[in-house]
Amino acid sequence: MKKTLLAIAISAIATVSFADDYMAEVGGLYLEVEKGEVNGDVWGVQGEVYFDHVDTSNGPLAEAAFLNKVGNVGFAVLTTDDTENGDSNEVYILDTRFVASSNIILEASYSTDDDDSEYSVGAGTYIGDNSDIVVSYSNDENQDLDQLSVNFHSLVQLTNTSALSYDLGAAALSNENDDGYGIGAAVTYYPINNIGVGVSAEYAELGEEDETTYGIHADYFVTDNIRLQASYLTEDDGSDDNLN
């Protein structure tokens with residue numbers, strides 16, 4: 001069965017008086033979802049407050065906080081509207097990332113809605129100035145799913161104006177009845193500092209079920225203070241519906 005998700009976001013970066021540095025980002029989010037029996041819209045607001053000034057002169061603007069090794073507290077408040085049955089649901093998300101002077105990374109997140117809650121904790125380290133690795137554990141109460149994952153992110157400067165980032169991930173999955181695994185990768189090319197385009201792929205298997213996800217995404221800073229993001233994901237859960 002094919003499942004699709006389209007996401008569009010616009011963010012306004014709150015600048016301070018230090019040239020192009022900033023310490024906060026807030027924006028709106030809209031998603032159009034067709035997944036299983038869910039057919040509807042998700043919209044809301046999201047943002048991050050950083051623990052220090054983010055310098056935008058070191059490379060791609062989308063990677064500025066990562067390159068500066070600056071932690072943050074993030075939030076999102078979302079409303080989901082299922083157009084098939086008229087149901088509406090509120091989702092609240094809170095997350096944080098802390099980077100110590102020793103390059104140690106600590107992460108945590110919590111999300112809740114009317115039917116479910118999920119949390120995750122993680123720890124890792126920077127490897128040099130342009131790479132990091134984080135090991136995390138997450139628990140999804142409603143889906144009875146535990147996940148232990150390791151994720152690697154790195155940025156490679158190609159020329160004075162272009163760069164390439166990539167992500168690699170692997171996870172061990174388990175619930176009450178089955179064990180499984182997941183793997184994923186993503187690549188983003190920045191021809192110039194304010195534009196990024198990329199692709200992603202993930203595969204997960206749990207018991208007798210498996211799912212493959214492919215995606216494309218784009219990131220564009222219209223100005224240093226206005227950011228547009230768009231992504232499209234399609235999922236294949238391996239069912240016989242794909243043979244039709």
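Residues numbered from 1 in each chain as written. Predicted model: local features only at pLDDT ≥ 70, side-chain atom pairs only at ≥ 80, totals over all residues. Heavy atoms only, no water.

**Student:** Can you explain the pattern of salt bridges? Please cite residues and give values.
**Tutor:** By the definition in use, this model includes five salt bridges. Linking Arg 97 and Asp 132 is a salt bridge whose minimum nitrogen-to-oxygen distance equals 2.9 Å. In this pair, Arg 97 is assigned in strand 5 (residues 88-99) and Asp 132 in strand 8 (residues 131-140), connecting sequence segments 35 residues apart. Of the residues examined, Arg 97 reaches a relative accessible area of 15% and is grouped as buried. Connected through salt bridges with shared partners, the residues Glu 25, Asp 219 and Arg 227 form a single ionic network. (Salt bridge = Lys/Arg side-chain N within 4 Å of Asp/Glu carboxyl O. Helix = DSSP H or I, 4+ residues; strand = E, 2+ residues; numbered from the N terminus. Buried < 20%, exposed > 50% of the residue type's maximum accessible area, 1.4 Å probe, protein only.)

**Student:** Tell me what's going on with a nonpolar patch on the surface, and back it up with residues and numbers.
**Tutor:** Together, Val 26, Val 45, Phe 51, Val 73, Phe 75, Val 77, Tyr 92, Leu 94, Phe 98, Ile 104 and Leu 106 line one region of the surface with nonpolar side chains, adding up to about 920 Å² of accessible area. Secondary-structure elements contributing two or more residues to the nonpolar patch are strand 3 (38-54), strand 4 (72-82), strand 5 and strand 6 (104-112). Locating Val 77 in the fold gives a position in strand 4. Look at Val 77 and you get partly exposed, because its relative accessible area is 34%. (Patch = residues over 30% accessible without salt bridge, like charges linked within 9 Å, V, L, I, M, F, W, Y side chains within 5 Å. Areas by Shrake-Rupley, 256 points an atom, 1.4 Å probe, with all protein chains shown as cover.)

**Student:** Mind laying out a negative patch on the surface, listing which residues take part and the relevant values?
**Tutor:** A surface patch of like charges, here negative, comprises Asp 178, Asp 179, Glu 208 and Glu 209. Considering the arrangement of structural elements, one finds Glu 209 in strand 13 (residues 209-221). Note on Glu 209: relative accessible area 61%, which makes it exposed. (Lys, Arg positive; Asp, Glu negative; His and termini not counted. Charge placed at Lys NZ, Arg CZ, Asp CG, Glu CD.)

**Student:** Provide a residue-level description of the environment of Tyr 126, including the pertinent values.
**Tutor:** With respect to the secondary-structure elements, Tyr 126 resides in strand 7 (residues 117-126). Remark: the alpha-carbon pair of Tyr 126 and Ser 154, spanning 28 residues in sequence, is separated by 9.6 Å. Other than its neighbours up to four places away in sequence, Tyr 126 contacts Ala 65, Phe 66, Lys 69, Arg 97, Val 99, Asn 103, Ile 105, Ser 131 and Asp 132. Within the local environment of Tyr 126, its side chain forms a polar contact with the side chain of Arg 97, the two groups lying 3.4 Å apart. (Contact = heavy atoms within 4.5 Å. Polar contact = N/O pair within 3.5 Å; in protein donor to acceptor, adjacent residues only side chain to side chain.)

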